[in-house]
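Secondary and tertiary structure notes
Next come the chains, spelled out residue by residue.
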Amino acid sequence: MNTTTAPLQADHASAPSNRILSVRSSRLEGTVTVSGAKNSVLRLLAASLLTGERIVLHNYPEGLLDAQVHVGMLEVLGKRCTIDGGTLTIEEASAPPSELVWEGRSIRNTLLIMGALVARTGAGSVPLPGGCDLGGRGYDLHELVLTSLGAHVYGKDGRLFAEAPNGLTGADIVLPLRSTGATENALMVASLAKGTTRLWNPHIRPEILDLCDFLRSMGATITVHGQESIEITGVPELSGTSRRVMPDNMEAMTWLVGSVITGGDVEILDFPFEDLEVPLIFLRESGAKIFRDGNTAIVRSGRPYPVEISTGPYPGINSDMQPLFAALGACARGESRIVDLRFAGRYAYLPDFERMGVKSFVREGTAHIIGAPKLMGADVRAADLRAGAALALLGMVAEGETRISDAWQIERGYDKFLEKARVLNANLTYEGA
């Protein structure tokens, strides 16, 4: 069966903000398989623009709204995308233009699309990026990468432009802070630049290493020197390739935390243990009972103990994970403390926690969360996709009904969230669905 995903994106984008996710008390139990990673597949989709040859992605998470949006963008840029049995095939129907004309919802990955277009065509123009509003997420580091390689970058009328009529030339780039997106953009554009690029202070994490392997399989020359630097020697052109999308560590963490706080008994297949070594240490110290059987995690636990975490670069706890740790803390015995060193605005979910009976406050950048002996269902809002997932998990612990508005945010980053949660015995429904 061949199915283009652009119409799926249009269906979800037309009325997602009106959908309310209703969650009632549940105990997660059963078996679930982790899907392909959002934070990897979006980068691979952008990298497909670097070549005119066929790209095949296995383990493709076709239920992700952001992936559906991205595929729609690729089709506007001349790609032909088909899905067959969890495999996405991308072929080029026509060479990409330099301008992405897109009237639908924007995503942060447009910055990588701009980089890929300027590397391939000499110019790129995209709508200003969307995605989760976490505070402190400008595009200055992406601009630094592109200008260092010889592009002229500017914004106008809600769009970003990058121009390099004479092509890009390798250079030394020093990132003032470890940025995932800027590292990804540097890897992609430098792969087609003239000469050698040395990127200092990159953000090395599993998704970055996966992108490096993907680009190498396309013919790129990339050497990673740990957290110090990455060296990329440009080539005239890149070829097609085939790749299995890595499992989503955030989805794995979500089902794990859900099992812990609901007193559940869950087996999580295709669990990325090697990518989650540090978070698993903190979870086990908080009382989670986690057992390994090959690539399967078996999670059995009751109410956890408080946690104290600080987010940081890999292999530390990623900022994406802190709302899940906050949900863990909300169900713990005592006070948990969370410091997000990257996105200070990521505590916006705490007022919604409070509506469910969780007391908290933020002092000097640290979120203090006092575990509640009993949670009550309430009307809350998913400020971003990870906050939405955390609220859904708390709704499974709370008495009564929890109604989550803007719950479409969860579907931006979780493949078949509702379907998988129901398989695990969760009481979730969309009102009106």
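These notes cover the structure that comes with them. (Residues numbered from 1 in each chain as written. Predicted model: local features only at pLDDT ≥ 70, side-chain atom pairs only at ≥ 80, totals over all residues. Heavy atoms only, no water.)

1. Observations regarding the overall build of the chain
The following threshold applies: Going along the chain from the N terminus, every DSSP run of H or I of four or more residues is numbered as a helix, and every run of E of two or more is numbered as a strand. Here the globule rule reads 2.2 Å times residues to the power 0.38, and the radius of gyration is calculated from C-alpha atoms. To sort residues, take the accessible area from a 1.4 Å probe on protein chains only and compare it with the maximum for the residue type: under 20% means buried, over 50% means exposed, and anything in between is partly exposed. Residue contacts are counted whenever heavy atoms from the two residues lie within 4.5 Å of one another. Only the protein chains shown count as cover for residues, and all accessible areas are computed by the Shrake-Rupley method using a 1.4 Å probe. Under the convention used here, Asp and Glu are negative, Lys and Arg are positive, and both His and the chain ends fall outside the count. For the purpose of locating charges, the reference atoms are NZ of Lys, CZ of Arg, CG of Asp and CD of Glu.
When its secondary structure is counted, the chain shows 14 helices and 23 strands. In terms of C-alpha radius of gyration, the chain reaches 21 Å, essentially the compact-globule figure of 22 Å for 433 residues. Here the chain holds 433 residues, and the buried ones make up 58% of them. Here the analysis covers contacts within the chain between residues at least 6 apart in sequence; of these, 73% occur between residues at least 24 apart. As displayed, the chain offers around 16,000 Å² of accessible surface, 49% of which is attributable to carbon and sulfur atoms. Side-chain charges of the chain comprise 41 positive and 50 negative groups, with the mean position of each set lying 3 Å from the other.

2. Some remarks on the sheet that holds strand β10 (residues 196-200)
This is how the line gets drawn: When DSSP finds two or more bridges between a pair of strands, those strands are recorded as paired. In this description, a line fitted to the C-alpha atoms serves as the axis of each element, helices being fitted only across the stretch in contact, and the angle between N-to-C directions of two axes falls anywhere from 0 to 180 degrees.
Spatially, four strands are ordered β9-β10-β12-β11 in an open sheet, and the strand pairing comes out mixed. For this open sheet the edge positions go to β9 (172-174) and β11 (221-225), each flanked by a neighbour on one side alone. Across the sheet, the mean angle separating the axes of adjacent strands is 15° when strand polarity is ignored.

3. What about unusual backbone geometry?
Of note, the amide linkage connecting Tyr314 to Pro315 takes the cis form, showing an omega dihedral of 15°. On the secondary structure map, Pro315 appears in the loop between β17 (308-310) and α10 (322-330). The residue Asn59 is not glycine, and still its phi comes out positive at about 55°. With phi around 55°, Asp406 is a residue other than glycine that occupies positive phi space. Checked against the element boundaries, Asp406 lands in the loop between β22 (401-405) and α13 (408-413).

4. As for the pattern of salt bridges
Our working definition: Any carboxyl oxygen of Asp or Glu within 4 Å of a side-chain nitrogen of Lys or Arg constitutes a salt bridge here.
Following the criterion strictly, the structure yields 28 salt bridges and no others. Between Glu91 and Arg54 there is a salt bridge whose closest N-O contact spans 2.8 Å. You can see Glu91 sitting in strand β5 (residues 87-92) and its partner Arg54 sitting in the loop between α2 (38-47) and β3 (55-58), a full 37 residues away along the chain. In this structure Glu91 comes out as partly exposed when scored by relative accessible area, which is 22%. Linking Glu92 and Lys79 is a salt bridge whose minimum nitrogen-to-oxygen distance equals 2.8 Å. Pair noted here: Glu92 is in strand β5 and Lys79 is in strand β4 (residues 79-84), with a separation of 13 residues, a long-range link. The class for Lys79 is buried, based on a relative accessible area of 4%. Through salt bridges that share partners, Asp210, Asp213, Arg216 and Arg243 make up one connected network.

5. Some thoughts on the environment of Thr87
This is how the line gets drawn: Counted as a polar contact is a pair of N or O atoms within 3.5 Å, where, for protein atoms, one must be capable of donating a hydrogen and the other of accepting one, and residues adjacent in sequence contribute only when both atoms are in side chains.
With respect to the helices, strands and loops of the structure, Thr87 is situated in strand β5. Given the relative accessible area of 17%, Thr87 is considered buried. Discounting chain neighbours no more than four positions away, the residues touching Thr87 are Val56, Leu57, His58 and Thr82. Polar side-chain contacts of Thr87 include one of 3.0 Å to the side chain of His58.

6. As for the packing of helix α8 (residues 249-261) against α10
Axis angle and axis distance: for two packed helices, these are the angle between their axes and the distance between the axes, and together they describe the pair. To be explicit about the condition: Oblique is the label for any angle not under 35 degrees, not over 145, and not in the 65 to 115 range, which are roughly parallel, roughly antiparallel and roughly perpendicular in turn. Just so you know the grouping, Ala, Val, Leu, Ile, Met, Phe, Trp, Tyr, Cys and Pro go in nonpolar, Asp, Glu, Lys and Arg go in charged, and all remaining residues, Gly too, go in polar.
Relative orientation of the contacting elements α8 and α10 amounts to 5°, with a least axis distance of 10 Å. Relative to α10, the element α8 lies roughly parallel. For the pair α8 and α10, the contacting residues are Met250, Met253, Thr254, Val257, Val260 and Ile261 in the first and Leu324, Phe325, Ala327 and Leu328 in the second. For the contact of α8 with α10, a count of residues per class yields nine nonpolar, one polar and no charged.

7. Here we look at helix α7 (residues 206-217)
Using the following cut-off: Under the convention used throughout, the expected extent of a helix is 1.5 Å for every residue step, that is, one less than its residue count.
Compared with an ideal rise of 1.5 Å per residue, which puts 12 residues at 16 Å, α7 spans 17 Å between its outermost C-alpha atoms and is within 8% of the ideal. Considered for burial, the residues of α7 that qualify are Pro206, Glu207, Ile208, Asp210, Leu211, Cys212, Phe214 and Leu215. Where α7 is buried, its residues touch α2, β3, α6 (180-191), β11, β13 (241-244) and α8. Positive phi appears at Gly219, one or two residues downstream of α7, with a value of about 110°.

8. Description of the sheet that holds strand β8 (residues 159-163)
With antiparallel pairing, three strands are arranged side by side in an open sheet as β6-β8-β7. Sheet topology places β6 (123-127) and β7 (152-156) at the edges, where each strand pairs with a single neighbour. Across the sheet, the mean angle from the axis of one strand to that of its neighbour is 15°, orientation sign disregarded. Two elements, β7 and β8, share five bridges in a ladder whose sense is antiparallel. Note that in β8 the partner of His152 across the bridge is Glu163. Sitting on the sheet, helix α4 (residues 110-121) is in contact with β6 and β8, with an inclination near 160° to β6.

9. Considerations on the pairing of strand β16 (residues 296-300)
Counting buried positions along β16 gives four out of five residues, so the element sits mostly inside the fold. Direction of pairing for strand β14 (residues 265-269) relative to β16: antiparallel, over a ladder of four bridges. Directly across from Asp265, in β16, lies its bridge partner Arg300. Pairing of strand β15 (residues 290-293) with β16 involves four bridges; the strand directions are antiparallel. Along β16, the bridge assignment pairs Asp293 with Thr296.

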